[in-house]
Amino acid sequence: MKPVSLTQYLVELQREKGLIPGELRLLLEVVARACKRISLAVSKGDLADVIGAAGSDNVQGEAQQKLDVIANETLLEANEWGGHLAAMASEEMEGFYPIPHRYPRGEFLLLFDPLDGSSNIDVNVSIGTIFSVLKLPEGVTEPTEENFLQPGTQQLAAGYAVYGPSTLLVLTVGDGVAKFTLDRETGSWTMTGNHLRIPEDTKEFAINASNIRHWEPPVRRYVDEMLAGKTGPRGKDFNMRWVASMVADVHRIMTRGGVFMYPRDAREPNKPGKLRLMYEANPMAFLVEQAGGAATNGLQRMLEVQPTQLHQRVAVFLGSKNEVERVTAYHQEQAGSAPS
Ligand code: AHM
Ligand code: MG
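Here goes a summary of the coordinates provided. (Residues numbered from 1 in each chain as written. Chains lettered and ligands numbered in written order. Predicted model: local features only at pLDDT ≥ 70, side-chain atom pairs only at ≥ 80, totals over all residues. Heavy atoms only, no water.)

## Some words on the coordination of the magnesium ion (ligand 2)
Defined as follows: Here a donor is any nitrogen, oxygen or sulfur atom (N, O, S) within 2.8 Å of the metal, with 3.2 Å used for Na, K and Ca; water is not among the atoms considered, so some sites may look incomplete. A run of H or I in DSSP counts as a helix once it spans at least four residues, and a run of E counts as a strand once it spans at least two, with each numbered from the N terminus. When a residue's accessible area, from a 1.4 Å probe over protein chains only, is under 20% of the maximum for its type it is buried; when over 50% it is exposed; and in between it is partly exposed.
Listed as protein donors to the magnesium ion (ligand 2) are Asp113 (OD), Asp116 (OD) and Glu280 (OE); their distances from the metal cover 1.8 to 2.1 Å. Mapped onto the sequence, the residues coordinating the magnesium ion (ligand 2) show the spacing D-x2-D-x163-E. One end of the pair, Asp116, is in strand 5 (residues 108-116); the other, Glu280, is in helix 6 (residues 277-290), and 164 residues separate them in sequence. For the residue pair Asp116 and Glu280, the accessibility class agrees, reading buried in each case.

Structural data, given as structure tokens:
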């Protein structure tokens, strides 16, 4: 069978299936092109002087790596002039970025975590880019931050790129999840999987266990039960994996199932978790649901959480459906029995 390119896949979604407008197709092509450039910079590593600290902090107070900055600029530059977007927002920028008036403006909003898994840059472990596309509300001509604060159900497209042994792009526009591998010789994205499915059951979980002493009781109960193995209440042994790059952990789950957790914990009680709703949790939740999995914040479906801030944090439980439902039920039980 002849290989299908990303362009062919998107053209089919637009023309034959009528699922996406032409402007969205062009936008996704530009995002994919930017990911290709980021992949190139990542793969050059020390040879291109892209490794190491940038000497600045982002809005979350995290030290930026050179690649965080390069990836952010690459996405901004690639997307600002095409005429598809009204504005962009990024993990690496405090405020949103309206498309400058010298360029035509479109009707979409693009959000991204330009370089996810920053702590893995120095050590040559998989990292990635996560993105989400929303529509500017009808009638708005000058975008504001509030225009971005739409629940994840409103996403028109979401995806991630993994810069690993091979570079992958995993994408959804609400018609299942497709996977593309970057062919480094021809420079094109070739489809290497379509309608990805996450098994409903799993024997693998992902959590940073060094935080165990800070976890809330439902998470402790859930993990303890898995750790008890065959002779415990679950009656089977579980395996654990934690890459510390959400893209890599989610991609493993996309491939063979599993449950990913970054719960709220007692380290910073006023922050509901580490990961960010708008450009990490929501796009991943959209992809995971499209692959037959589930995603919650412990209490409710992730995609239905009403955002209140651009950089809002959220607890994340996603992956194999039956496991996400179980850990969510443990949280709901606790919430139901907690004194008000
Ligand atoms: P980043 O976007 O600054 O890289 O932070 C998000 C990353 C996720 O990719 C990953 O799941 C998590 O942080 C790892 O956190 P920890 O180092 O606490 O295990
Ligand atoms: Mg991230």
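## Things to note about the environment of Thr202
Spelled out, the test is: What makes two residues a contact is simply this: any of their non-hydrogen atoms within 4.5 Å. Counting of polar contacts relies on pairs of N or O atoms within 3.5 Å, with two restrictions inside protein: one atom must be capable of donating a hydrogen and the other of accepting it, and residues adjacent in sequence are counted only when both atoms are side-chain atoms.
You can see Thr202 is positioned in the loop between strand 10 (188-194) and strand 11 (204-206). Once you skip the residues sitting within four places of it in the chain, Thr202 turns out to touch Lys236, Phe238, Gly257, Gly258, Val259, Ser320 and Glu323. Within the local environment of Thr202, its side chain forms a polar contact with the backbone nitrogen of Gly258, the two atoms lying 3.2 Å apart.

## Description of the pairing of strand 13 (residues 259-262)
Let me state the cut-off plainly: For two strands to be treated as a pair, DSSP must find at least two bridges joining them.
What you see with strand 13 is no split at all: Val259 and Met261 on one side and Phe260 and Tyr262 on the other are buried throughout. Alignment of strand 11 against strand 13, held across two bridges, turns out to be parallel. The residue of strand 13 that forms the bridge with Phe205 is Val259. Direction of pairing for strand 13 relative to strand 15 (residues 316-319): antiparallel, over a ladder of four bridges. If you follow Met261 over to strand 15, its bridge partner there is Phe317.

## Notes on helix 1 (residues 6-16)
One turn of an α-helix holds 3.6 residues; hence residues three or four places apart share an orientation. Burial in helix 1 covers these residues: Leu6, Tyr9, Leu10, Val11 and Leu13. Just past helix 1, the residue Gly18 takes up positive phi, approximately 65 degrees.

## Structural notes on the sheet that holds strand 15
Stated formally: Fitting a line to C-alpha atoms yields each axis, with helices limited to the stretch in contact; the angle taken between N-to-C directions then spans 0 to 180 degrees.
Pairing is mixed across the open sheet formed by five strands, whose spatial order is 12-11-13-15-14. Where the open sheet ends on each side, the last strands, each with one partner, are strand 12 (239-240) and strand 14 (294-296). Across the sheet, helix 4 (residues 217-227) is in contact with strand 11, strand 13 and strand 15; its angle to strand 13 comes to roughly 140 degrees. Packing of helix 7 (residues 321-337) onto the sheet brings it into contact with strand 13, strand 14 and strand 15, and relative to strand 15 it is tilted by some 155 degrees.

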